Number of protein chains: 2
Amino acid sequence: MRILWVLAHPDPASLNGKLRDAVVPRLRGLGHDVVESDLYRMGFDPVLSTADLLGDPPAPGTPVSDWQRTGHETGRLSADIRAEQAKILGSDLLVLQFPLWWYGVPAILKGWIDRTLVNGFAFGVTDPATGRVRKFGDGGLAGRRGLAVVSAGDRTGALGPRGISGHIDDVLWPVLHGTFHYTGTAPLPAHLLSSVHHWPGGQFEREVGRLVERVHGAGSEAPIPYRTLAGGDYGEDYALRPEISPGLTGNEAHLTRLPRG
Amino acid sequence: MRILWVLAHPDPASLNGKLRDAVVPRLRGLGHDVVESDLYRMGFDPVLSTADLLGDPPAPGTPVSDWQRTGHETGRLSADIRAEQAKILGSDLLVLQFPLWWYGVPAILKGWIDRTLVNGFAFGVTDPATGRVRKFGDGGLAGRRGLAVVSAGDRTGALGPRGISGHIDDVLWPVLHGTFHYTGTAPLPAHLLSSVHHWPGGQFEREVGRLVERVHGAGSEAPIPYRTLAGGDYGEDYALRPEISPGLTGNEAHLTRLPRG
């Protein structure tokens, strides 16, 4: 597979840094083509601003999504954004590797998403045949898969189906559903490394093996079965039709198959 | 009330900028003491790094949470972080105002959370009487309330209980539960402004009034009834005890009262 591996950790000597150092060469050894965006090493700027648009700045009050689209369509997005977009387009699998900070992605990775996945590129694309906007199960990034590789201090149970922190797939809902699924990137269940400050001897090596195996097989793994907009389960108000997941509310209502792991 | 108002939008002429301009003076007129952190205007740096620790850098491989705690306890966190912490401590209500980007907070606000709410300050504090860690309903920020004021292009139904984007309180779970509730900040239901690109005439003024009223009454509003760690609903594995919300999984299992709005 052609893999884009995005890493968001400030310390190369951290667990995440060491994991990347161990896993990426092994994946290359297995024949995968791995391109990397090590956001801290690159000094990636996560702050979306009108400086992202080269040339004349947008008129004050222009919606961000509008001038981002203009920038994309006219080739006026800044070079760092265009470079990341090209890496995404050249990938079959997008891996986001990060420590779970405040139950989400580190700011540098959130900004990579904010600045790179612009209107007209990742979303806001229309099917010329139907005139419908392609989103939630389809979109500008359709044809690829997404995997979040996330390390947490929390113990496994805390991030399980009834865990105090919330199920990891609910915690990462904004990434798995709101970013991957929204753009047509097939979302794989999150790859969780838990209790990372309390690993016994040998655990690191086992986790390296588990992650290599997971990514190596990612091309044939079943994605999270989120309902799609095109599938007809949602009405004109963008809410589930009454006969779909009847009586259910919450994230699980948007799955075609329960229970989840 | 003493209010800390944190705004995260790059454009002062945006809807969010105009809303802040209209609402904050009216709140002051009502007698509230409003302190502001306009993150873009401040040029706030959202990238957590070892530069946050003044003096000798931490040894490579030191967990982030550990050296942040050291920095806090020894007064060695950088000045911008300490200034934000002082503003938080001086507030009864923390308002986070932001546009919903990729179903979460903009990177500049995520970084404000990542860098400011460090171990030993917002979490990782122990009850000296019991020796137990205070979190989920208690913590370093106990005694204050939190309100997310969020603008979205999505229509209201898309962010409702059965909406395609997920219920706004599930979308914001990492903020409402994972940040506010986790640190002891009582989480109020999110204040949602939807369909912001399609407001009819007069809607802006109505929304200003609705937000002023909401914040003015925030001191007596019922918070989201998330279960607390100290309340005994969770076992030693940090999962819900079998007799609590029996058979339920997902975020709603962590509420003491259903249904939600």
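Residues numbered from 1 in each chain as written. Chains lettered and ligands numbered in written order. Predicted model: local features only at pLDDT ≥ 70, side-chain atom pairs only at ≥ 80, totals over all residues. Heavy atoms only, no water.

1. Focus on the pattern of salt bridges
Residues and elements named next belong to chain A. For the coordinates displayed, the defined rule picks out 28 salt bridges over all chains. The shortest N-O distance in the salt bridge between Asp 80 and Arg 115 comes to 3.0 Å. Residue Asp 80 is located in helix H4 (residues 79–89), and its partner Arg 115 is located in helix H5 (residues 107–116); the two are separated by 35 residues in the primary sequence. Residue Arg 115 is classed as buried on the basis of its relative accessible area of 2%. In this structure, the salt-bridge partner of Arg 210 is Glu 207, at a minimum N-O distance of 2.9 Å. One end of the pair, Arg 210, and the other, Glu 207, are both in helix H8 (residues 203–216), three residues apart, so they sit about a helical turn from each other. Judged by relative accessible area, Arg 210 falls into the partly exposed class, the value being 36%. (Salt bridge = Lys/Arg side-chain N within 4 Å of Asp/Glu carboxyl O. Helix = DSSP H or I, 4+ residues; strand = E, 2+ residues; numbered from the N terminus. Buried < 20%, exposed > 50% of the residue type's maximum accessible area, 1.4 Å probe, protein only.)

2. Here we look at the nonpolar core
Counting residues in hydrophobic clusters, the biggest one holds 116 residues, and the most contacted among them are A:Phe98, A:Leu100, A:Trp112, B:Phe98, B:Leu100 and B:Trp112. Dropping the residues within four chain positions of it, A:Phe98 is found in contact with A:Ala8, A:Asn16, A:Gly104, A:Val105, A:Pro106, A:Leu109, A:Ala148, A:Val149, A:Val150, A:Ser151 and A:Leu172. (Core = buried A, V, L, I, M, F, W, Y, C linked by side-chain atoms within 4.5 Å. Contact = heavy atoms within 4.5 Å.)

3. Describing helix H5 (residues 107–116) of chain B
Counting buried positions along H5(B) yields ten of ten residues, so the element is predominantly enclosed. Buried within H5(B) we find B:Ala107, B:Ile108, B:Leu109, B:Lys110, B:Gly111, B:Trp112, B:Ile113, B:Asp114, B:Arg115 and B:Thr116.

4. Topic: the interface of chain B and chain A
Every contact between the two is made by 69 residues of chain B and, on the other side, 70 residues of chain A. At the boundary of chain B with chain A, total buried surface from both sides reaches about 5,200 Å², with 60% on carbon and sulfur atoms. On the chain B side of the interface with chain A, the three residues burying the most area are B:Trp102, B:Arg162 and B:Ile164, jointly 21% of the side's total. One can count zero salt bridges joining chain B with chain A. Our enumeration of links across chain B and chain A arrives at 32 residue pairs in polar contact (both at pLDDT 80 or more). At the level of secondary structure, the elements contributing two or more residues to the side of chain B that touches chain A comprise H5, helix H6 (168–171) and helix H7 (173–180) of chain B. The biggest single contributor to the side of chain B that touches chain A is H5(B), with six residues. Residue composition of the side of chain B that touches chain A, by class: 37 nonpolar, 21 polar and eleven charged. (Buried area = accessible area lost by both parts, 1.4 Å probe. Polar contact = N/O pair within 3.5 Å; in protein donor to acceptor, adjacent residues only side chain to side chain. Nonpolar A, V, L, I, M, F, W, Y, C, P; charged D, E, K, R; others polar.)

5. Focus on the UniProt feature "domain: Flavodoxin-like fold" (unreviewed entry) in chain A
If you check UniProt for "domain: Flavodoxin-like fold" (unreviewed entry), the listed places come out as residues 1–197 of chain A in our numbering. The distance from the first to the last C-alpha atom of residues 1–197 of chain A is 32 Å, and the span holds 33% helix and 18% strand. (UniProt positions renumbered as here; feature names shortened; annotations may be inferred.)

6. Points about the side chain of B:His254
By the element assignment, B:His254 lies in the segment after helix H8 (203–216). The class of B:His254 is buried, set by a relative accessible area of 1%. In this structure the side chain of B:His254 is engaged in a polar contact, spanning 3.0 Å, whose partner is the backbone oxygen of A:Gly163. Here the side chain of B:His254 touches B:Tyr234 through a polar contact of 2.7 Å, side chain to side chain.

7. Some words on the packing of helix H1 (residues 15–29) of chain A against H8(A)
Residue and element names in this part refer to chain A. At a minimum axis separation of 10 Å, H1 and H8 run at an interaxial angle of 50°. With respect to their mutual orientation, H1 and H8 come out oblique. Helix-helix and strand crossings are classified by hand; for H1 and H8 the assignment is right-handed. In this structure, H1 contributes Leu 15, Lys 18, Leu 19, Ala 22, Val 23, Arg 26 and Leu 27 to the contact, and H8 contributes Phe 204, Val 208, Gly 209, Leu 211, Val 212, Val 215 and His 216. Tallied by class, residues from the contact of H1 with H8 come to ten nonpolar, two polar and two charged. (Axes fitted to C-alpha atoms, helices over the stretch in contact; angles between N-to-C directions. Parallel < 35°, antiparallel > 145°, perpendicular 65-115°, else oblique. Left-handed = near helix turned anticlockwise from the far one by under 90°.)

8. Topic: the environment of A:Met1
Residues and elements named next belong to chain A. Within the secondary structure, Met 1 is located in the segment before strand E1 (2–7). Here Met 1 falls in the partly exposed class, since its relative accessible area comes to 27%. Between the C-alpha atoms of Met 1 and Gly 219, which are 218 residues apart in sequence, the distance is 7.6 Å.

9. Quick look at the packing of aromatic side chains
Scanning the entire structure with this criterion turns up twelve aromatic pairs over all chains. Taking 4.9 Å as the distance between ring centres and 75° as the angle between the ring planes, the aromatic pair formed by A:Phe136 and A:Tyr182 counts as edge-to-face. One end of the pair, A:Phe136, is in the loop between strand E5 (133–134) and strand E6 (145–151); the other, A:Tyr182, is in helix H7 (residues 173–183), and 46 residues separate them in sequence. On the accessibility criterion, A:Tyr182 (12% relative accessible area) is buried. When the ring centre of B:Tyr238 is taken as origin, the NZ or CZ atom of A:Arg155, which lies over that ring, is 4.0 Å away. (Phe/Tyr/Trp six-rings, centres within 6.5 Å; stacked < 30°, edge-to-face > 60°. Lys NZ or Arg CZ within 6 Å of the ring centre and 35° of its normal.)

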